[in-house]
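As a plain string of letters, each chain reads:
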Amino acid sequence: MSGTREERARAEEYLGWLFEQLKGPVYVTGWEDRDDCTCVDVPRDCVGYVTGARRATLGKIEEEWGTLMFFMSTNMRARDRDRDDRGRQEFDGSEKLAIFGPRRGRRGAELKVMSAVETKRPGYFTRDIQMHTSEQEGFASDTYPMDESELSYALGKDGTTRRKLARASGCIMEYVGQVAFICGTIEQRTRARTYLKWLLKQRHGSVYVDDLRDRDDVTIVQVPRDAIGFVTGNRGSSLRHVEEESGTFCFVEGGRGESEQLLIFGHIRADRELAERLVNQLVDEKMRDDERRYDDRRRDYGRGRSFSRDRDYRRRSYSRDRDYRRRSYSRDRDYRRRSYSRGRDDSRDRGRGGRSYSRGRDYDRRR
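Thresholds applied
- Every chain is numbered on its own, with residues counted from 1 as its sequence reads.
- Per-residue local features of the predicted model are confined to residues with pLDDT of at least 70, and side-chain atom pairs are confined, for both listing and counting, to 80 or more; whole-chain, interface and lining totals are unaffected and use all residues.
- Only heavy atoms go into the side-chain values, all of them from the structure, while hydrogens and water stay out.
- Type-normalised accessible area, obtained with a 1.4 Å probe on protein chains alone, sets the label of each residue: buried when under 20%, exposed when over 50%, and partly exposed for intermediate values.
- By the criteria applied, helices consist of DSSP H or I runs no shorter than four residues and strands consist of E runs no shorter than two, each listed in order from the N terminus.
- Angles here are taken between N-to-C directions and fall from 0 to 180 degrees, while the axes themselves are lines fitted to C-alpha atoms, restricted in helices to the stretch in contact.
- Reported orientations rely on four angle classes, namely roughly parallel under 35 degrees, roughly antiparallel over 145, roughly perpendicular from 65 to 115, and oblique for the rest.
- Contact between two residues is taken to exist if any of their heavy atoms lie within 4.5 Å; hydrogens are not considered.
- In the scheme used here, Gly and all other residues not listed as nonpolar or charged are polar, with Ala, Val, Leu, Ile, Met, Phe, Trp, Tyr, Cys and Pro taken as nonpolar and Asp, Glu, Lys and Arg as charged.

Colleague: How should helix α7 (residues 160-169) be read in this particular structure?
Modeller: It helps to recall that an α-helix has 3.6 residues per turn; residues three or four apart then point in one direction. Counting buried residues in α7 gives seven out of ten residues, a clear majority hidden from the surface. Within α7, the full set of buried residues consists of T161, R162, K164, L165, A166, A168 and S169. Among the residues trailing α7, G170 stands out with phi positive, at a value near 80 degrees.

And the structure:
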């Protein structure tokens, strides 16, 4: 193990608790006085849901937030019911989930557990919670209640919208029931609340940012009006992909002039630059496609004119051939008619000459 003496001592302690769980229940004495521990009371009927099959859910939360989590023994807590004079809380039928780690990681894991419990027991943590904004400069928590339609829109498919707002603002954002918990420094929390309000305004129309020129967390990209549909994609799919790849929050501000303003928000400049490159690639792709289609239409138009000329030529040639055949047939028919008429006249003449010769011979005989 490497680190400061305090860090090494803490790691050794965590490792010992981990191995003790193989032998039986673990209870950490004096957890209330530790600065690296947060405990969450979980209703007994929600313990299995929070833990998951073979500890899968707790393991996923630990991996996400870099913490160590385990349930402290209920039996050991039950013995503490006789120690009220020492300030122990009387056993209330819940299990204590201990979360060890840095403050930010503990708060993120705590909110994940609270969200899971709220799914099984609505109102357990949020029954009396109202909107709250902390004035504390350092790490603190704000709450922002929402109605069902706002929650569904702010959550997104599989929580993608919530995660992008948290990543772009640099704060912890988790929805416990219908309440958004926003945790971080005052700058991070201010950004997150602003992003969330802009997001909810998009349900009713375009969003305009009044202090756009004074903000240090925005990059403005001018997108041609003809390309804006391609950049956003079907139902915003292309823009959502840009947000996921870059960890930013993007939307199109209301139209002004011949181009649209695409606003890219994020507290890390490198993330905004990545998003800008991805958007410019989409614009270039759209322009290339338009030029290719224009060239194809020109070629098709040229082929159409050539085909029309060939078709007209074939029609004229066919008409000439047909007229020639008609005239040839008419001449042949007239020639055959005249030939037939002459042959008939010759036959008639031969017939008359034979009869005259026969009458003359008969006359000579009578004489």
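Colleague: So what exactly am I meant to see when it comes to unusual backbone geometry here?
Modeller: Residues apart from glycine generally show negative phi values, whereas peptide bonds are mostly found in trans. Although it is not a glycine, D158 sits at a positive phi angle of roughly 55 degrees. Examined against the element boundaries, D158 turns out to sit in the loop between α6 (148-155) and α7. Look at D158 and you get exposed, because its relative accessible area is 66%. You will see that R235, though not glycine, has its phi angle at about 55 degrees, which is positive. Of note, R235 is situated in the loop between α9 (228-232) and α10 (237-246). Residue R235 is classed as exposed on the basis of its relative accessible area, which comes to 83%.

Colleague: What should I look at first to understand the packing of α6 against helix α8 (residues 186-201) in this one?
Modeller: The angle between the axes and the distance between the axes are what describe a pair of packed helices. Where α6 contacts α8, the axes come no closer than 10 Å and their chain directions differ by 110 degrees. Our classification of the angle between α6 and α8 gives roughly perpendicular. Taken together, the residues of α8 that come into contact with α6 (itself represented by E150, Y153 and A154) are L196, L199 and L200. Residue classes in the contact of α6 with α8 are distributed as five nonpolar, no polar and one charged.

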